[in-house]
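# Survey of secondary and tertiary structure
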Amino acid sequence: HTSGSHEVYQGTQWRCLSIWLILCLLPRTCVPNPSKPIFLLILADDLGIGDVGCYGNDTIRTPNIDGLAKEGVRLSQHIAAASVCTPSRAAFLTARYLIRSGMASNTQHRVLFWNGCSGGLPLNETTFATILHQQGYSTALVVMRWKWHMGVNCESSQDHCHHPLHHGFDYFYGMPFTLVNECEETLSLLYFLSWFSSYGFTKYWNCILMRNHDITEQPMYLEKTTSNMLKEAVSFIERNKQRPFLLFFSLLHVHTPLVTTEKFLGRSRHGLYGDNVEEMDWIVGKLLDALDKEGLKNTTFVYFASDHGGSVQAHRGNARLGGWNGIYKGGKGMGGLEGGIRVPGIVRWPGALPADIVISEPTSLMDIFPTVVHLAGGVVPQDRVIDGRTLLPLLQGTARHSEHEFMFHYCGVLLHAVRWHQKDRDTTWKAHYVTPVFQPEDSRARFGRQICPCFGDGVTRHDPPLLFDLSQDPSEANPLSADTEPLFDTIVNRIGKAVEEHRRMLTPVPQQLSSYNNVWKPWLQPCCGTFPFCWCDKENNKANDML
């Protein structure tokens, strides 16, 4: 080159380098690695499969959830690992049956009862949030008036051993426990007289709001929770739009006491419960709008489900406060009956998954773990049994059958039922070894009890088991026998063999829901202030502009 052309060449180099540096320093408006999708996982609480329009309800309005199904895949045989909260959610987070992690109860108390108890999700259990965090994802759990319900402390009120931040989440905002009726305002004399009683002062021990490890409200104020949680979730999306993230948005809706904002009261044809469902749908719509606003719709894997079936026993006076499980028998807390474990399940990922299709193969909430881990570029743990199966072959249409051959339906530590997906006949059999006793006998519930028991005089044992062909009788109305099903003995024996094989793969683990672990311990009680004077309000953001 001549001297002049060399200078021109150097100048061009410097200009290119400068432009490159400017482009690198400017805020990016797209996701850095489009091959890694964003994940928005939305889990409702106590929502019945029959409460949603796309699953057959034509009286409660759920346009946003219905639209999600129209643009994605609807799972019609989506199964929870348990029919109550704590064990179902433990299985969802770990892809393992509750019996493997110790989150199955050997008492009549099948969920955690206190923030100040020592039980919870063990630290040696791996959640999908942990693996996604290792893959570079920003991970958040925003609890919408709902629960973590996986425990808080082990040995002191500050160790936070069971806290979401110890299970893969970078950020947590919400209730570490669950919403209970006592969280609502009450002015009774008995309420104030019970101030120092742990069992009487539930509002101050359990109804607390946390941001990461800090208590920000004790007790929490329910009237502003909806707007606060939505703003937290939208803010998280805005802050992390330039990187892959996981947002696990856990709804209270539609758990009693059905706290509903004034905007939605009296809007539905089904009283307070219907109002709460319609508000839940509105919340889902707001989350989807936030993705659209940031241009993230086509890069986001959205999942919507319920932790278990609707509570058909919930009522206040003559008013029903629980959901509708459609044609399926039973509901929340009723062992292995379909109404308690068959839930809505919807997946949307525009461009990557087909739209407006229905998959009737057996799938599980536990399947979300291996699905999101695979998509994030991670590997499921190899040092333990993983019961979930990736949904991708089914969702993408590359496989006709589910990878689940058998599913085991527990009630506490007891196996109540088993599902066998006989692929060569396209048939799903279900054997019930134990079923709840309904009262009245011809009802679909055990009224007079909040939750059906797993053992004792509240259940009936069956030998041989009650056998149903769910392919022909999904409502479990007509049990088969050797007289009506020629292969009855063969089917029952094959399921029995699968139970034996399953039990050989179980190892003893500490019982997290034992009587000791589930009793209130003052030294474990999270407290904003000096125990027992636990009271604070650090939430300055009213967030009313979103309502």
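In case you missed it, the structure is sitting above this.
These numbers were taken from a predicted model, which means no experiment stands behind them.

Core analysis: the largest hydrophobic core is formed by 74 residues, its most contacted members being Phe39, Phe92, Phe128, Phe301, Tyr303, Leu395 and Ile495. Among the elements that take part in this core, helix H13 (residues 488-504) stands out by supplying six residues, more than any other. What Phe128 contacts, discounting residues up to four positions off in sequence, is Leu41, Phe92, Leu93, Leu246, Phe369, Val372 and Val373. Counting 54 residues, the second-largest nonpolar core is a separate cluster that includes Tyr171, Cys183, Val284 and Ala290.

We now examine a nonpolar patch on the surface. On the surface, a cluster of nonpolar side chains totalling about 350 Å² of accessible area is made up of Tyr516, Val519 and Trp523. Its place among the elements puts Tyr516 in the loop between H13 and strand S18 (529-530).

Once that is clear, we can look at the side chain of Ser306. Here Ser306 is to be found in strand S8 (residues 300-306). Reaching out from Ser306, the side chain makes a polar contact with the backbone oxygen of His308 at a distance of 2.8 Å. Setting aside residues no more than four positions away along its own chain, Ser306 makes contact with Leu43, Ala44, Asp45, Asp46, Leu47, Val343, Pro344 and Leu365.

Let us now look at the state of the cysteines. Each disulfide consists of a covalent bond between the sulfur atoms of two cysteine residues. Scanning the entire structure with this criterion turns up four disulfides. The disulfide bridge from Cys528 ends at Cys536, spanning 2.2 Å between sulfur atoms. Between Cys528 and Cys536, the S-S torsion sits near 120 degrees, and that sign places the bridge as right-handed. Lacking any disulfide linkage, Cys452 is separated from the closest cysteine sulfur, that of Cys411, by 8.3 Å. Residue Cys452 is classed as buried on the basis of its relative accessible area of 1%.

Moving on, we get to the environment of His315. Along the chain, His315 falls in strand S9 (residues 315-316). Residues His315 and Pro257, 58 residues apart in the sequence, show an inter-C-alpha distance of 9.8 Å.

Time to look at the environment of Lys430. Along the chain, Lys430 falls in strand S16 (residues 427-436). Considering only alpha carbons, one finds Lys430 and Pro479, 49 residues apart in sequence, at a separation of 9.8 Å. Among the polar contacts listed, one links the side chain of Lys430 to the side chain of Glu338, at a separation of 2.7 Å.

Looking now at the pattern of salt bridges. Tallying each qualifying case throughout the model produces 17 salt bridges. With a shortest N-O distance of 3.0 Å, Arg61 and Glu278 are connected by a salt bridge. Separated by 217 residues along the polypeptide, Arg61 in the loop between strand S1 (38-44) and helix H2 (63-70) and Glu278 in helix H9 (residues 271-293) bring together distant segments of the chain. The exposure class assigned to Arg61 is partly exposed, which follows from its relative accessible area of 45%. Asp356 is the salt-bridge partner of Lys70, the closest N and O atoms lying 3.2 Å from each other. You can see Lys70 sitting in helix H2 and its partner Asp356 sitting in the loop between strand S11 (342-348) and strand S12 (357-359), a full 286 residues away along the chain. Judged by its relative accessible area of 54%, Lys70 falls in the exposed class. Judged by its relative accessible area of 44%, Asp356 is partly exposed.

All chains considered together, the criterion is met by 15 aromatic pairs. With centroids separated by 5.7 Å and ring planes inclined at 65 degrees, the aromatic side chains of Phe39 and Phe301 adopt a geometry described as edge-to-face. In this pair, Phe39 is assigned in strand S1 and Phe301 in strand S8, connecting sequence segments 262 residues apart. For the pair formed by Phe39 and Phe301, the shared burial category is buried. Among the aromatic residues, ring-to-ring pairing joins Phe92, Phe128, Phe169, Phe248, Tyr303 and Phe369 into one connected group.

Glancing now at H2. For H2, the complete set of buried residues consists of Ile65, Leu68 and Ala69. The buried residues of H2 occupy one face: seen down the axis, they fall within an arc of 95 degrees. Away from the buried face of H2 by more than 90 degrees, exposed residues Pro63 and Lys70 are located. Elements that come into contact with the buried residues of H2 comprise strand S2 (73-79), H9, S8 and S11.

Here the focus is the side chain of Ser364. Here Ser364 lies in strand S13 (residues 363-364). Only 3.0 Å separates the side chain of Ser364 from the backbone nitrogen of Met366, close enough to count as a polar contact.

This next bit is on the pairing of S2. For S2, a buried count of seven out of seven residues is recorded, marking the element as mostly surrounded by other parts of the structure. Pairing geometry for S2 and S11, over five bridges, is antiparallel. Bridging from a neighbouring strand, His78 pairs with Val343 of S11. Of the strand pairs in this sheet, S2 and S12 are connected by three bridges, and their pairing is parallel. Note on S12: the bridge partner recorded for Arg74 is Val358. Pairing between S2 and S13: two bridges, direction parallel. Paired with Ile79 across the strands is Ser364, a residue of S13.

Thresholds applied
Residues numbered from 1 in each chain as written. Predicted model: local features only at pLDDT ≥ 70, side-chain atom pairs only at ≥ 80, totals over all residues. Heavy atoms only, no water. Core = buried A, V, L, I, M, F, W, Y, C linked by side-chain atoms within 4.5 Å. Buried < 20%, exposed > 50% of the residue type's maximum accessible area, 1.4 Å probe, protein only. Helix = DSSP H or I, 4+ residues; strand = E, 2+ residues; numbered from the N terminus. Contact = heavy atoms within 4.5 Å. Patch = residues over 30% accessible without salt bridge, like charges linked within 9 Å, V, L, I, M, F, W, Y side chains within 5 Å. Areas by Shrake-Rupley, 256 points an atom, 1.4 Å probe, with all protein chains shown as cover. Salt bridge = Lys/Arg side-chain N within 4 Å of Asp/Glu carboxyl O. Polar contact = N/O pair within 3.5 Å; in protein donor to acceptor, adjacent residues only side chain to side chain. Disulfide = S-S within 2.5 Å. Phe/Tyr/Trp six-rings, centres within 6.5 Å; stacked < 30°, edge-to-face > 60°. Arc of directions from axis to C-beta. Pairing = 2+ DSSP bridges.

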